Amino acid sequence: MPLTVATAGHIDHGKTTLVEALTGKNTDRLPEEQARGISIDLGYAPLELPDGTQLSVVDVPGHERFVRTMVAGAAGVDLFLLVIDANEGARPQTHEHLAVLRLLGVERGIVALTKSDVADADTLELARAEAEELVPGAAVVAVSGRTGAGLDDLRAALAATASAQEHAGRDAPTRLYVDRSFTLRGIGTVVTGTLWSGSIGEGDELRVEPRGRTVRVRSVQVHDRPVERANAGQRVAIALPGVERSDVRRGDALVAPGAYRPSYRLDVALEPLADIPARVHVHHGTADVLARVIIVGDRYAQLRLAAPVVAARGDRVVLRAGTTVGGAVVLDAHPPRHSSVERMGAIERGETLVHSPVLADGAWIWSQEWLDELRADLERAIDAADPLDPGVPGPVEPWAKAVAPHLGLERRGAKLYRPGAAAELGSRTAAAAALEAQLGLEPVKVDDPALARFLEEQGRLVRVGDGLAVAPSAYERARDALVAECEAAGRITLARFRDLLGVGRKTAQLLLERFDADGLTRRVGDERVLRRRGR
Ligand SMILES: Nc1nc2c(ncn2[C@@H]2O[C@H](COP(=O)(O)OP(=O)(O)OP(=O)(O)O)[C@@H](O)[C@H]2O)c(=O)[nH]1
Ligand SMILES: [Mg+2]
């Protein structure tokens, strides 16, 4: 059963060295990482244990400025490998990483006491006692990434812990949070991530959320090896043809279509470590989003996010404001705007409450409150719409069809309008009158295309050329002259038309083009003849 393990621990305590000693892979691949001798971004390496267990190791940076990166790397993993320098003992990020792991629900793992090659027996014993107190129940193994001492014990301890661990949520719909995207020549954009749930195979259609883009999977790899289908708990690389690298980034989610929706609000049960300030960074999946915290009762809050996340009930988030101030468990990823202690309590107790639409036995159900909010949102948008076209695009979510008849709005094409709503000039009444007063046979510039379209529909002007218009009476006069000439002479030239109307060449040209567009005339060489339909 494939599992992922994330390293954790204070800067320079030997995480990357240990990962390399275990896997043979140096995950500090950035030039800056090599120059500074510290990890900056996440590193990845496969680890096969003696009993055949396949682990994916995510190596995280220890620097306090990169804790947010550590959170992204640890989200969704199954096990931790906490690395403590035996000589230094637990330091600030040892504690902070451990707190983050607990907040993310990563409960099981191993402690490696590194640099045992340069620690004496007493120091090792002290470090061991401290580690056992810090992480009760975890195996503590003394190792050296330099000499390889203790690595076999570490592998055995990892195997024992892994065998007792299940990857949670395996059967839920497919969900993967992107931690890297890059371009490979001849392949295109590739994204990688830890597959939280479901599976991903060649040809699958997935959605990139919250961007709302549909993509098709060309190929799938697990640690550089092509596979037909990757499963939950694996580190996956996915080739997405036709997608720009900038179209999918760390923080985005790849999900089964229709299974998860982005959300700007999360109702949560708080797990504070310190006072939770009013504004925090919410870390969810590989995303990091600013949020306002609306405290509800003693233990709950609504997180109002500055950008949407793709979350589900039971997900864990980490809250940071300079340091890690706590975490939370998502109770409702699509809550009403005004939540209550009663509602959150009921959800926490497992009483099913429906707010936004869910499929139940093949039919969509939703709460009246949700419908009222949706209608209010749409009506607000309609009120803000251009009075010349007072409609808004209707919802496109999977439930849109089922919900539409309950909205009390009128569908015209792809837009929703208030029943019987008609286009109105509104504040443009004066502008329309001024424009009409200017209209004649010489084309007048119209700066407002929506206004021009509206007035033309009402028969109050005729558009010619690009952004120009003439009076309807002038258009008719010109048309009558043209038809009379064509009926008499069989055809008309631009010069003749110009002379007949007594206008300039440019005006004559614009009018003739409009007659062509209206299907009245047809060009034959330098002349125009009436179309049969035009007669
Ligand atoms: N003697 C000895 N030195 C070690 C051992 N492990 C790591 N080191 C040294 O400690 C320093 C830091 O090691 P890294 O593996 O880069 O530490 P890290 O925890 O990955 O550091 P960050 O990623 O920046 O947090 C390097 O100079 C290593 O050579 C060990 O087991 N024994
Ligand atoms: Mg490192």
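Please refer to the structure placed before this passage.
Residues numbered from 1 in each chain as written. Chains lettered and ligands numbered in written order. Predicted model: local features only at pLDDT ≥ 70, side-chain atom pairs only at ≥ 80, totals over all residues. Heavy atoms only, no water.

Peer 1: It is not clear to me how the overall build of the protein chain should be interpreted in this structure. Could you clarify?
Peer 2: Secondary structure assignment for the protein chain yields 14 helices and 33 strands. Its C-alpha radius of gyration of 33 Å places the protein chain more than 25% over the 24 Å reference for a compact globule of 535 residues. C-alpha extents for the protein chain along the principal axes are approximately 115 × 55 × 40 Å. Taken across its 535 residues, the protein chain has 50% of its residues classed as buried. Total accessible area on the protein chain stands at roughly 25100 Å², and carbon and sulfur atoms take up 48% of it. Side-chain charges in the protein chain split into 67 positive and 75 negative, and the spacing between the mean points of these groups amounts to 8 Å. (Helix = DSSP H or I, 4+ residues; strand = E, 2+ residues; numbered from the N terminus. Rg over C-alpha atoms; globule rule 2.2 N^0.38 Å. Buried < 20%, exposed > 50% of the residue type's maximum accessible area, 1.4 Å probe, protein only. Areas by Shrake-Rupley, 256 points an atom, 1.4 Å probe, with all protein chains shown as cover. Lys, Arg positive; Asp, Glu negative; His and termini not counted. Charge placed at Lys NZ, Arg CZ, Asp CG, Glu CD.)

Peer 1: Is there a simple way to explain the nonpolar core in this structure?
Peer 2: Nonpolar side chains in soluble globular proteins tend to end up buried together. One finds Leu435, Leu482, Phe497, Leu511 and Phe515 to be the most contacted residues of the largest nonpolar core, which totals 38 residues. Among the elements of the structure, α10 (429-438), α11 (449-457), β29 (462-464), β30 (468-470), α12 (472-489), α13 (494-501) and α14 (505-517) are those that each provide at least two residues to this core. Take this core: its biggest share by element is six residues, from α12. Setting aside residues up to four positions removed in sequence, Leu435 forms contacts with Val444, Lys445, Val446, Leu451, Leu455 and Leu461. (Core = buried A, V, L, I, M, F, W, Y, C linked by side-chain atoms within 4.5 Å. Contact = heavy atoms within 4.5 Å.)

Peer 1: Can you help me understand the packing of α13 against α14 in this one?
Peer 2: Relative placement of two packed helices is described by the angle separating their axes and the distance separating the axes. Direction vectors running N to C along α13 and α14 enclose 110 degrees, while the axes themselves pass 9 Å from each other. Classified by the interaxial angle, the pair formed by α13 and α14 is roughly perpendicular. Residues Leu494, Phe497, Arg498 and Leu501 of α13 pack against Arg505, Ala508, Gln509, Leu511, Leu512 and Phe515 of α14. Residue composition of the contact of α13 with α14, grouped by class: seven nonpolar, one polar and two charged. (Axes fitted to C-alpha atoms, helices over the stretch in contact; angles between N-to-C directions. Parallel < 35°, antiparallel > 145°, perpendicular 65-115°, else oblique. Nonpolar A, V, L, I, M, F, W, Y, C, P; charged D, E, K, R; others polar.)

Peer 1: Please clarify how the packing of aromatic side chains should be interpreted in this entry.
Peer 2: The description of an aromatic ring pair rests on the distance of the ring centres and on the angle between the ring planes. Counted under the stated rule, the structure contains five aromatic pairs. Aromatic pair Trp366 and Trp370: ring centres 6.2 Å apart, planes at 55 degrees, arrangement tilted. For Trp370, a relative accessible area of 9% translates into the label buried. Judged by centre distance (4.9 Å) and plane angle (85 degrees), the ring pair of Trp370 and Trp399 falls under edge-to-face. (Phe/Tyr/Trp six-rings, centres within 6.5 Å; stacked < 30°, edge-to-face > 60°.)

Peer 1: Teacher, can you tell me more about the sheet that holds strand β19 (residues 287-296) here?
Peer 2: Whenever strands of a sheet pair, they do so through backbone hydrogen bonds, lying parallel or antiparallel. With antiparallel pairing, the six strands of this closed barrel are ordered in space as β17-β20-β19-β18-β21-β22. Across the sheet, the mean angle separating the axes of adjacent strands is 40 degrees when strand polarity is ignored. The pairing of strand β17 (residues 262-272) with strand β22 (residues 323-332) spans six bridges and is classified as antiparallel. Paired with Asp267 across the bridge in β22 is Asp332. Contacts from helix α3 (residues 67-74) reach β18 (279-284), β19, β21 (316-321) and β22, with the element oriented near 180 degrees to β21. (Pairing = 2+ DSSP bridges.)

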